[in-house]
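Here's the letter readout for the chains.
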Amino acid sequence: MKKAFAVILSMLLICLSFAACGSKTGDEAAEPQAEAEHSKVLFTMESGGTFTVELYPEYAPETVANFLSLVEAGEYDGTIFHRVVDGFMAQGGAFLPDGSQRTANSIKGEMSGNGFTQNTLKHERGVISMARIGGMYDSASNQFFICYDKADFLDGEYAAFGKVIDGMEVIDSFLSVQRTYGSDGAISAPVEPIIIEKAEVI
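Residues numbered from 1 in each chain as written. Predicted model: local features only at pLDDT ≥ 70, side-chain atom pairs only at ≥ 80, totals over all residues. Heavy atoms only, no water.

**Concerning the overall build of the chain**
Phase 1 of the analysis: Scanning the chain from terminus to terminus reveals three helices and 10 strands.
Phase 2 of the analysis: Scanning the chain from its N terminus toward the C terminus, one meets helices and strands in the order α-β-β-α-β-β-β-β-β-α-β-β-β.
Phase 3 of the analysis: When the 202 residues of the chain are sorted by exposure, 40% land in the buried category.
Phase 4 of the analysis: The contacts in the chain between residues at least 6 apart in sequence include a share of 67% that link residues at least 24 apart.
Phase 5 of the analysis: Surface accessibility of the chain: about 11,100 Å² in total, with carbon and sulfur atoms responsible for 56%. (Helix = DSSP H or I, 4+ residues; strand = E, 2+ residues; numbered from the N terminus. Buried < 20%, exposed > 50% of the residue type's maximum accessible area, 1.4 Å probe, protein only. Contact = heavy atoms within 4.5 Å. Areas by Shrake-Rupley, 256 points an atom, 1.4 Å probe, with all protein chains shown as cover.)

See the structure below:
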């Protein structure tokens with residue numbers, strides 16, 4: 001009887017040992033993976049300058065996904081920065097040098113003013129954000145703007161979604177381009193087109 005009990009006990013210990021090994025493997029598999037790096041988009045201007053934007057989906061996931069899909073489809077290639085305002089921002093992404101406009105589907109406005117409280121990214125120098133039509137929160141499509149300076153009056157009203165991490169001096173150079181009155185009533189429309197030659201995910 002004692003011998004039988006010893007055999008059963010030994011077998012039980014062996015089973016527990018295998019179970020423990022199996023559990024360890026499961027724990028290792030359940031460990032969170034390292035957070036993926038943020039996507040980056042390289043803009044090459046026709047002038048030869050380049051700048052890089054890092055995208056932050058943790059603030060505006062649909063906005064980032066839409067922007068990446070447009071980049072990958074080549075929708076920004078050949079478009080211009082049609083609005084450049086001293087001390088404020090440079091806007092582009094839709095118009096071509098001949099004045100025609102590329103269109104894209106509108107997306108949800110991911111900003112707190114539209115009930116999307118997840119987006120707490122502030123409008124400051126180098127931040128990229130989506131343009132929209134007047135008071136319509138869900139009207140952003142392909143046009144974006146890059147801030148020259150802090151613009152906190154835009155916080156919660158426009159969907160910021162990334163930041164220029166390299167080449168901000170290229171965007172600063174747009175300010176030296178001769179400009180005339182734009183549709184906004186300000187001296188903002190470049191006389192010579194500021195053309196994006198190519199935008200690509202890197």
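**Details of the layout of surface pockets**
To find the voids left in a structure, one rolls a probe of water-molecule size over its atoms.
Phase 1 of the analysis: Roughly 380 Å³ of internal volume is contained in the largest pocket.
Phase 2 of the analysis: Taken together, 20 residues line the largest pocket, and the ones lying closest to its centre are Q91, A131, R132, I133 and Q143.
Phase 3 of the analysis: Class assignment for the residues of the lining of the largest pocket results in nine nonpolar, eight polar and three charged. (1 Å grid on protein atoms, 1.4 Å probe; cavity = no way out; pocket = protein on both sides within 12 Å on 5 of 7 lines; lining within 4 Å. Points joined across faces, edges and corners; volume = space filled by probe spheres on them. Nonpolar A, V, L, I, M, F, W, Y, C, P; charged D, E, K, R; others polar.)

**A look at empty space enclosed by the protein**
Phase 1 of the analysis: Going through the model one piece at a time under the given rule, you end up with one cavity of 30 Å³ or more.
Phase 2 of the analysis: As a volume, the largest cavity reaches approximately 40 Å³.
Phase 3 of the analysis: Lining of the largest cavity is provided by T63, I107, K108, G109, E110, M111, M130, R132, Y137, A140, Y158 and A159.
Phase 4 of the analysis: Among the residues forming the lining of the largest cavity, the class breakdown is seven nonpolar, two polar and three charged.

**A short note on the sheet that holds strand β3 (residues 81–85)**
Phase 1 of the analysis: Strand order in the open sheet formed by eight strands is β3-β4-β6-β5-β7-β2-β1-β10, with antiparallel pairing between adjacent strands. Both edges of this open sheet fall to β3 and β10 (196–201), since each of them pairs with a single strand only. Taken over all neighbouring pairs, the strand axes of this sheet differ in orientation by 25 degrees on average, direction set aside.
Phase 2 of the analysis: With four bridges joining them, strand β2 (residues 50–55) and strand β7 (residues 160–166) adopt antiparallel strand pairing. Following the sheet pairing, L55 is matched in β7 by G162. (Pairing = 2+ DSSP bridges. Axes fitted to C-alpha atoms, helices over the stretch in contact; angles between N-to-C directions.)

**Overview of the nonpolar core**
Phase 1 of the analysis: Judged by nonpolar contacts, the single largest core of 32 residues is most densely connected at F51, F67, F81, F144 and F174.
Phase 2 of the analysis: Sorting elements by how many residues they give to this core places helix α2 (residues 61–72) first, with five residues.
Phase 3 of the analysis: In this view, F81 contacts M45, F51, A90, Q91, G92, F144, I146, F174, P190, I194 and I196; residues no more than four positions away in its chain are not counted.
Phase 4 of the analysis: In terms of nonpolar packing, the next biggest core, distinct from the first, is built from eight residues, F88, M89, A131 and L154 among them. (Core = buried A, V, L, I, M, F, W, Y, C linked by side-chain atoms within 4.5 Å.)

**With respect to the environment of M89**
Phase 1 of the analysis: Structurally, M89 can be placed in strand β4 (residues 89–92).
Phase 2 of the analysis: Residue classification places M89 among the buried positions, given a relative accessible area of 1%.
Phase 3 of the analysis: Excluding anything up to four places from it in sequence, M89 contacts R83, V84, F145, I146, C147 and Y148.

**Considerations on the environment of I195**
Phase 1 of the analysis: The residue I195 is located in the loop between β9 (187–190) and β10 in this model.
Phase 2 of the analysis: As for I195 and G78, which are separated by 117 residues in sequence, their C-alpha atoms are 6.1 Å apart.
Phase 3 of the analysis: When residues no more than four places from it in sequence are discounted, the contact partners of I195 are M45, E46, G78, T79, I80 and P97.

**So, the confidence of the model for the chain**
Phase 1 of the analysis: Here the chain averages 87 in pLDDT, while 82% of its residues score no lower than 70.
Phase 2 of the analysis: Between residues 1–35, whose pLDDT stays under 50, and residues either more than four places distant or in other chains, the model counts zero contacts. (pLDDT = per-residue confidence, 0-100.)

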